[in-house]
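Remarks on the overall topology
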Amino acid sequence: MTETLETLARRVNQLEKVVAEMTLQLSQVVDTSMPTATKGHKTRDEQYEAQAIQKMREHLGIADIELMPLEELRKSMARHGIRAEDNEFSCAIIEEREK
């Protein structure tokens, strides 16, 4: 089966749309299922989430790697010329956050 660049571009575009829709749906699920925690105390859901994230990090082999704070990551990306505004996926996430 020979694929043309046009066909591949259409398929990638469709995949991007599906991923953006899934991200939106996941964001909505997380927003509705995460209760507001009292300051300084983790809820049972937050504890479960922390355990799940730790298991995922162990599975990926990155459990011992210290994660960079989000603001520092954003600054590093900007220094390297990576702009969220240039990425369709990031634009969709930003757009949903602003709603």
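Our subject is the structure that appears above.
Just so it is clear, the structure is predicted and the values come from calculations on it, not from any experiment.

Turning next to helix α2 (residues 44-60). End to end, α2 covers 24 Å across 17 residues, agreeing with the expected 24 Å (1.5 Å per residue, within 8%). Just beyond α2, the residue with positive phi is G61, at close to 80°.

A few words now on the pattern of salt bridges. Scanning all chains against the criterion turns up 3 salt bridges. Between R74 and E71 there is a salt bridge, with the nearest N and O atoms lying 3.0 Å from each other. In this pair, R74 and E71 both sit in helix α3 (residues 70-79), 3 residues apart, roughly one turn of the helix.

What follows is about the side chain of R57. Position of R57 relative to the elements: it lies in helix α2. Although R57 lies buried, it forms no salt bridge, and the closest oppositely charged side chain, D64, sits 7.7 Å away as judged by the N-O distance. Separated by 2.3 Å, the side chain of R57 and the backbone oxygen of I65 make a polar contact. Discounting chain neighbours no more than four positions away, the residues touching R57 are I62, A63, I65 and L67.

Criteria and thresholds
Residues numbered from 1 in each chain as written. Predicted model: local features only at pLDDT ≥ 70, side-chain atom pairs only at ≥ 80, totals over all residues. Heavy atoms only, no water. Helix = DSSP H or I, 4+ residues; strand = E, 2+ residues; numbered from the N terminus. Expected span 1.5 Å × (residues − 1). Salt bridge = Lys/Arg side-chain N within 4 Å of Asp/Glu carboxyl O. Buried < 20%, exposed > 50% of the residue type's maximum accessible area, 1.4 Å probe, protein only. Lys, Arg positive; Asp, Glu negative; His and termini not counted. Polar contact = N/O pair within 3.5 Å; in protein donor to acceptor, adjacent residues only side chain to side chain. Contact = heavy atoms within 4.5 Å.

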